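What follows is each chain in one-letter form.
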Amino acid sequence: MSITILGIESSCDDTSASVISDGVIRSNFIANQEVHKLFGGVVPELASRAHQQNIIPVVDAAIKQAGVKPEDITAVAFTRGPGLLGSLLVGTSFAKGFALAQNIPIIEVNHLQAHVLVHFIKEDALDFNQPSFPFLCLLVSGGHTQLIVVKNHLQMEVIGSTIDDAAGEAFDKCAKVMNLPYPGGPMVDKMAKIGNPTKIKFAKPRIDGYNFSFSGLKTSFLYHIRDAIKINPNYIEENKADLCASLQYTIIQLLMDKLDKAVKEFGIREIAIAGGVSANSGLRDALTNYGISQNIKIHIPKFGFTTDNAAMIAITGYYKYLRGEFASQDITPLARFGI
Ligand code: KG4
Ligand code: ZN
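Please read all numbers here as calculations on a predicted model, not as lab measurements. (Residues numbered from 1 in each chain as written. Chains lettered and ligands numbered in written order. Predicted model: local features only at pLDDT ≥ 70, side-chain atom pairs only at ≥ 80, totals over all residues. Heavy atoms only, no water.)

### Focus: helix 1 (residues 44-66)
The terminal C-alpha atoms of helix 1 lie 30 Å apart, and with 23 residues this matches the ideal 33 Å at 1.5 Å per residue to within 8%. Approximately 40° is the largest bend angle found in helix 1, and it occurs at N54, with the proline P57 only one to four residues beyond. Taken together, the buried positions of helix 1 are A47, S48, A50, H51, N54, I55, V58, V59, A61, A62, I63 and A66. Looking at the packing, one finds that the buried side of helix 1 touches strand 1 (4-9), strand 2 (14-21), strand 3 (24-32) and helix 2 (85-102). Immediately beyond the C-terminal end of helix 1, within one or two residues, lies G67, with a positive phi of roughly 75°. (Helix = DSSP H or I, 4+ residues; strand = E, 2+ residues; numbered from the N terminus. Expected span 1.5 Å × (residues − 1). Bend = angle between axes of the 7 residues up to and from the residue. Buried < 20%, exposed > 50% of the residue type's maximum accessible area, 1.4 Å probe, protein only. Contact = heavy atoms within 4.5 Å.)

Okay, here's the thing in structure tokens:
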């Protein structure tokens, strides 16, 4: 009998549901919340209200698209954290209710672990392109920047984290300074393609070990613009592409430096990237070139699996199901939840 997992993700501003059978994806439905664009960032209260409106139609669509019936679902996996508490509550409560109604188990999922496990979602039963253990994963999103040694599906060791802003936050905050719409990362990526990456030099921090820091870069970017605008009020408009390219180049260098250090010290021959910033074309190119030059296997997720999605929750749920790791109905979400 096949194991069919319904995954539910509601940790931030995307409501998503997905159905995965025996590790093979059958559907992945995501409702984005446009309302936050008006405020230049996610408004927690509005996010949880939008999740409440979206959750039933999104789950319904995911089940229908998968061609299954609610009775065919073996277990429900949901994001327990980390994330916005009000948002997490919606997905958690829905998962519990659905499981009670169907008399099936629930499985709690760590959102960060799930980002890493996108690399194990199979397109079809003959898809064997998954990473081999151990591999290094660079998890880069709007809320997190972590370097992880992945020992098996559920055993991961975080060897480095950001000590201040996340990489995506650096993209978004600097984009805001240039008056680009939220979230700024994708727009910086687009503009960077026509700019000069070495035109402007920004401060780069020296942080020991595998930790990262992006707040100094953000300040350096802000001061550069503040000073340049005093001389030329149109500085941003006239130099936007170079600003974006130079910012992106600096962020990628900071990430790649630590990745290279970890590869050399741990002797690991496979690298994966995950999280929203793994959609960045410059990072994808840098990693691909690094893989070629160092003869290291690189795993880059499909664009649809870079940002928050429930397929990653469902696949994590699948591996936890195989290990019999179930949660009880009195489980509560966690805003802070380490790997
Ligand atoms: O993983 P995600 O969807 O949500 C969080 O858990 O944070 O990541 C969102 C982040 C945002 O900061 C967004 O600007 C960034 O990913 N992002 C990008 C790109 N696409 C999304 N950053 C740089 N280049 C991109 N192409
Ligand atoms: Zn995420």
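### Quick look at the nonpolar core
Nonpolar side chains in soluble globular proteins tend to end up buried together. By size, the foremost hydrophobic cluster in this structure holds 46 residues, and its most contacted members are L147, M178, F214 and I251. Looking at this core element by element, the count peaks at 14 residues for helix 7 (residues 235-266). When sequence neighbours within four positions are dropped, the list of residues in contact with I251 reads A167, A170, F171, F214 and L217. Counting 32 residues, the second-largest nonpolar core is a separate cluster that includes M156, A274, Y318 and Y319. (Core = buried A, V, L, I, M, F, W, Y, C linked by side-chain atoms within 4.5 Å.)

### Re a nonpolar patch on the surface
A cluster of nonpolar side chains, contributed by V35, L38 and F39, occupies part of the molecular surface with about 320 Å² of accessible area. In this structure, V35 sits in the loop between strand 3 and helix 1. (Patch = residues over 30% accessible without salt bridge, like charges linked within 9 Å, V, L, I, M, F, W, Y side chains within 5 Å. Areas by Shrake-Rupley, 256 points an atom, 1.4 Å probe, with all protein chains shown as cover. Salt bridge = Lys/Arg side-chain N within 4 Å of Asp/Glu carboxyl O.)

### Topic: the packing of aromatic side chains
Under the definition given, this model contains 10 aromatic pairs. Note on F120 and F133: the rings are 5.5 Å apart at their centroids and 15° apart in plane angle, and the pair reads as stacked. Separated by 13 residues along the polypeptide, F120 in the loop between helix 3 (111-117) and strand 6 (135-140) and F133 in the loop between helix 3 and strand 6 bring together distant segments of the chain. Aromatic rings pair up to connect F120, F133, F135, Y318 and Y319 into one cluster. Cation over ring: R80 sits above F337, and NZ or CZ is 5.9 Å from the ring centre. (Phe/Tyr/Trp six-rings, centres within 6.5 Å; stacked < 30°, edge-to-face > 60°. Lys NZ or Arg CZ within 6 Å of the ring centre and 35° of its normal.)

### A look at the coordination of the zinc ion (ligand 2)
Every protein donor of the zinc ion (ligand 2) is listed here as H111 (NE2), H115 (NE2) and D308 (OD), and their distances to the metal cover 2.1 to 2.2 Å. One can describe the donor arrangement at the zinc ion (ligand 2) as irregular, given that its 4 donor atoms subtend angles of 93 to 142° at the metal. Along the chain, the residues that donate to the zinc ion (ligand 2) are spaced as H-x3-H-x192-D. Here H111, found in helix 3, pairs with D308, found in the loop between strand 10 (297-299) and helix 9 (311-322); they are 197 residues apart in sequence, far enough to count as distant. Judged by its relative accessible area of 15%, D308 is buried. (Donors = N, O, S within 2.8 Å, 3.2 Å for Na, K, Ca; no water. Tetrahedral: all angles 85-135°; square planar, octahedral: opposite > 155°, others 65-115°.)

### Some details on the pattern of salt bridges
Per the stated rule, a full pass over the model turns up 17 salt bridges. Of the charged contacts in the structure, one is a salt bridge between R49 and E45, with a shortest N-O distance of 3.7 Å. Here E45 and R49 lie together in helix 1, a separation of 4 residues that amounts to about one turn. On the basis of relative accessible area, R49 is assigned to the partly exposed category, the value being 48%. A relative accessible area of 47% places E45 in the partly exposed class. Between K264 and D260 there is a salt bridge whose closest N-O contact spans 2.9 Å. Of this pair, K264 and D260 both sit in helix 7, 4 residues apart, which is roughly one turn of that helix. Look at K264 and you get exposed, because its relative accessible area is 55%. In this structure D260 comes out as partly exposed when scored by relative accessible area, which is 21%. Among the ionic contacts, a cluster of salt bridges with common partners joins D165, E169, K173 and K218.

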